[in-house]
Amino acid sequence: MTDDPIEHDAHPDTVAEPSASATADSPEKDAPVPVRRLSALLALAAVIFGLDLLTKILAVHYIDPGDPISVVGDTVTLTLVRNPGAAFSMATGMTWLLTLVAVAVVVGVVRIGRTLRSGWWALGLGLVLGGALGNLVDRIFRSPGPLQGHVVDFVSVGWWPVFNVADSAIVCGAILLVALTVFGIEPDGSRKTDSAGSRKEAHQ
């Protein structure tokens, strides 16, 4: 018997449709991306939080509030300060409100992180989250009491107000997030363009 080539090409224009299983699997390829971004965000926040906590413990133990430690002459010193206000000693009379704001920031960052696709946004939010947690722990557990605890600051540079690791992380993260917004990079990884509402993927 001979093969009939006509039988094999009986429907040359027929295009095989993707199977239901293949169609169902395609969204799953993208599903792990937000999970990875959230994991990276939380990992960075944990590192910042741990570093902030460790340096504050060391500062309280080794630095005498009345005897700053010189690092670079009088320009850079380690000076122990109890700060009731926000970063860089701002809003010193609103400690309880700043505590509630910090809680709101932590909750908001975690919620955004659940659908995050941009690595740059994960970096910025991770810095903000780690810093917010670091100072929040001080406000809850340090004297004079819950929601009114004073934050431990110990780095003094020139005329700049005394700060800590958490303050630095918050400021750096906020600057990065503002820059991302200015350049049109969205948390979902897309990039805004100047055309009418069009967007293109920015694989961060």
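Sequence order as written defines residue numbering, which begins from 1 separately in each chain. The predicted origin of the model limits local features to residues at a pLDDT of at least 70 and limits the giving and counting of side-chain atom pairs to 80 or more, whereas totals for whole chains, interfaces and linings rest on all residues. Note that water and hydrogens are dropped before the side-chain values are worked out from all heavy atoms of the structure.

S.K.: Mind laying out the side chain of Thr 55, listing which residues take part and the relevant values?
M.R.: With respect to the helices, strands and loops of the structure, Thr 55 is situated in helix 3 (residues 32–62). Only 2.9 Å separates the side chain of Thr 55 from the backbone oxygen of Leu 51, close enough to count as a polar contact. Contact definition: two residues touch when any of their heavy atoms are within 4.5 Å. In contact with Thr 55, other than residues within four places in its own chain, are Phe 154 and Val 165. Strands here mean DSSP runs of E at least two residues long; helices mean DSSP runs of H or I at least four residues long; both are numbered from the N terminus. Between N or O atoms, a polar contact is any pair within 3.5 Å; within protein, one atom must be a potential hydrogen donor and the other a potential acceptor, and residues adjacent in sequence are included only when both atoms are from side chains.

S.K.: So, the sheet that holds strand 1 (residues 69–72): which residues are in play, and what are the values?
M.R.: Across a sheet, strands are paired by hydrogen bonds formed along the backbone, either parallel or antiparallel in direction. Taking strand neighbours across the sheet as the criterion, the three strands line up as 1-2-3 in an open arrangement whose pairing is antiparallel. One side of each edge strand has no neighbouring strand; the edge strands of this open sheet are strand 1 and strand 3 (151–157). In this sheet, adjacent strand axes meet at a mean angle of 35° when their direction is disregarded. Here strand 1 runs beside strand 2 (residues 76–83); their pairing, made up of three bridges, is antiparallel. The rule for pairing is simple: two strands pair if DSSP sees at least two bridges between them. The convention used is that axes are lines fitted to C-alpha atoms, helices contributing only their stretch in contact, and that angles between N-to-C directions extend from 0 to 180 degrees.

S.K.: Any details on the UniProt feature "transmembrane region" (unreviewed entry) in the protein chain? Residues and values, ideally.
M.R.: UniProt positions are given in the numbering used here, feature names are shortened, and annotations may be inferred rather than shown by experiment. In the numbering used here, UniProt assigns the feature "transmembrane region" (unreviewed entry) to residues 38–63, 86–107, 119–137 and 157–183. Taken end to end, residues 38–63 is 96% helix and 0% strand, and its two terminal C-alpha atoms sit 36 Å from one another. Taken end to end, residues 157–183 is 67% helix and 4% strand, and its first and last C-alpha atoms sit 31 Å apart.

S.K.: Lay out a nonpolar patch on the surface in plain terms, naming residues and giving numbers.
M.R.: On the surface, a nonpolar cluster with roughly 330 Å² of combined accessible area is contributed by Leu 54, Leu 58 and Tyr 62. Note on exposure labels: buried denotes an accessible area under 20% of the residue type's maximum, exposed denotes more than 50%, and partly exposed covers the range between, all computed with a 1.4 Å probe on protein chains only. Owing to a relative accessible area of 46%, Leu 54 belongs among the partly exposed residues under this scheme. Exposure above 30% relative accessible area and the lack of any salt bridge qualify a residue for a patch; like charges then connect within 9 Å, and the nonpolar side chains Val, Leu, Ile, Met, Phe, Trp and Tyr within 5 Å. Here the open area of atoms and residues is found with the Shrake-Rupley method and a 1.4 Å probe, where only the protein chains shown may cover a residue. Counted as salt bridges are all cases of a side-chain nitrogen of Lys or Arg within 4 Å of a carboxyl oxygen of Asp or Glu.

S.K.: Quick one: what's the story with the pairing of strand 2, residue by residue and with numbers?
M.R.: Taken together, the six bridges between strand 2 and strand 3 define a ladder with antiparallel strand orientation. By the bridge assignment, Thr 77 is partnered in strand 3 with Ser 156.

S.K.: Which residues make up the pattern of salt bridges, and what are the values?
M.R.: On inspection of all chains with the given rule, the structure shows three salt bridges. The salt bridge partner of Asp 52 is Lys 56, with a shortest N-O separation of 2.8 Å. Here Asp 52 and its partner Lys 56 are both found in helix 3, four residues apart, which amounts to about one turn of the helix. With a relative accessible area of 1%, Asp 52 lands in the buried category. With its nearest N and O atoms 2.9 Å apart, the salt bridge here joins Asp 138 to Lys 56. In this pair, Asp 138 is assigned in helix 5 (residues 119–141) and Lys 56 in helix 3, connecting sequence segments 82 residues apart. Of the residues examined, Asp 138 reaches a relative accessible area of 2% and is grouped as buried. Classification of Lys 56 by relative accessible area gives buried; the value is 1%. One continuous salt-bridge network, built from bridges that share partners, spans Asp 52, Lys 56, Asp 138 and Arg 142.

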